[in-house]
Amino acid sequence: MPQFNRQHTRQRLHLRLRKKVSGTPERPRLSVCFSGRHIQSQVIDDLSGKTLVAASTLEVGVRGPSARANVATAEIIGKLLAERLLAKNINQVVFDRGGFKYHGKVKALADAARAAGLQF
C-alpha cells in the first residue's frame, strides 16, 4: 500500500475539482498555486488553452525581501491580478483553488481580487 503525502492528496483533490471547474472566454478560470516561497496565479481560458493574465511573486515589481508566500503577499497578488484583468475588460472569473483549502492565503487572494472589482 503506497503512503500518501500532503502534496499527493492536494493533487488528487485538484483533479477532482478540475472536473467541475472550467474557464471560458467570457468567464476564465483563476488558478492559484503556492510553494513554500512563492505565490503564482494565472487566469486561463481552457477552451483555447491560453493564459490571459498572470501574476507572481517572481515578477520584478513584486519581488523583494518582503515577498514571501504569506497572507500579505497573497493580497498584493490578488489585487495586481484583478487590476490586470479589469484592464482587459474581464470582470468575471471562476475561482480554482487548486486543491488548497479555502483558508489563509487562498482566501486572502480571493478577497483582495473581489475588493479590487472581480466577480466570482
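Residues numbered from 1 in each chain as written. Predicted model: local features only at pLDDT ≥ 70, side-chain atom pairs only at ≥ 80, totals over all residues. Heavy atoms only, no water.

*Asks:* Just to check I follow, could you spell out the pairing of strand β3 (residues 50-56) for this structure?
*Replies:* Looking along a regular strand, one sees the side chains alternate between the two faces of the sheet. When strand β2 (residues 39-45) meets β3, the two strands line up antiparallel, connected through six bridges. Following the sheet pairing, Q42 is matched in β3 by A54. Taken together, β2 and the strand that follows it, β3, pair antiparallel across an intervening segment of four residues, in which G49 is found at a positive phi of about 70°. (Pairing = 2+ DSSP bridges. Helix = DSSP H or I, 4+ residues; strand = E, 2+ residues; numbered from the N terminus.)

*Asks:* Teacher, can you tell me more about the confidence of the model for the chain here?
*Replies:* Note that predicted coordinates carrying low pLDDT should not be read in detail. In the predicted model, the chain carries a mean pLDDT of 91, and the fraction of residues at 70 or more is 98%. Looking over the chain, one finds the lowest element-wise mean pLDDT in helix α1 (residues 6-18), namely 86, and the highest in helix α3 (residues 105-115), namely 97. (pLDDT = per-residue confidence, 0-100.)

*Asks:* Help me understand the layout of surface pockets, please; the structure alone is not making it clear to me.
*Replies:* The calculated volume of the largest pocket comes to roughly 430 Å³. Residue lining of the largest pocket: 13 residues in total, with R6, R10, G99, F100 and K101 positioned closest to the centre. Mapped onto the lining of the largest pocket, the elements with two or more residues apiece are α1, β1 (29-34) and α3. Of all the elements, α1 adds the most residues to the lining of the largest pocket, at five residues. (1 Å grid on protein atoms, 1.4 Å probe; cavity = no way out; pocket = protein on both sides within 12 Å on 5 of 7 lines; lining within 4 Å. Points joined across faces, edges and corners; volume = space filled by probe spheres on them.)

*Asks:* Looking at this model, I keep getting lost on the nonpolar core. Mind explaining?
*Replies:* Counting residues in hydrophobic clusters, the biggest one holds 25 residues, and the most contacted among them are L30, I39, V43, L85, F95, L109 and L118. If you list the elements that add at least two residues to this core, you get β1, β2, β3, α2 (71-87) and α3. No other element matches the six residues that α2 contributes to this core. When sequence neighbours within four positions are dropped, the list of residues in contact with L109 reads L30, V32, I39, S41, A74, I77, G78 and F95. (Core = buried A, V, L, I, M, F, W, Y, C linked by side-chain atoms within 4.5 Å. Buried < 20%, exposed > 50% of the residue type's maximum accessible area, 1.4 Å probe, protein only. Contact = heavy atoms within 4.5 Å.)

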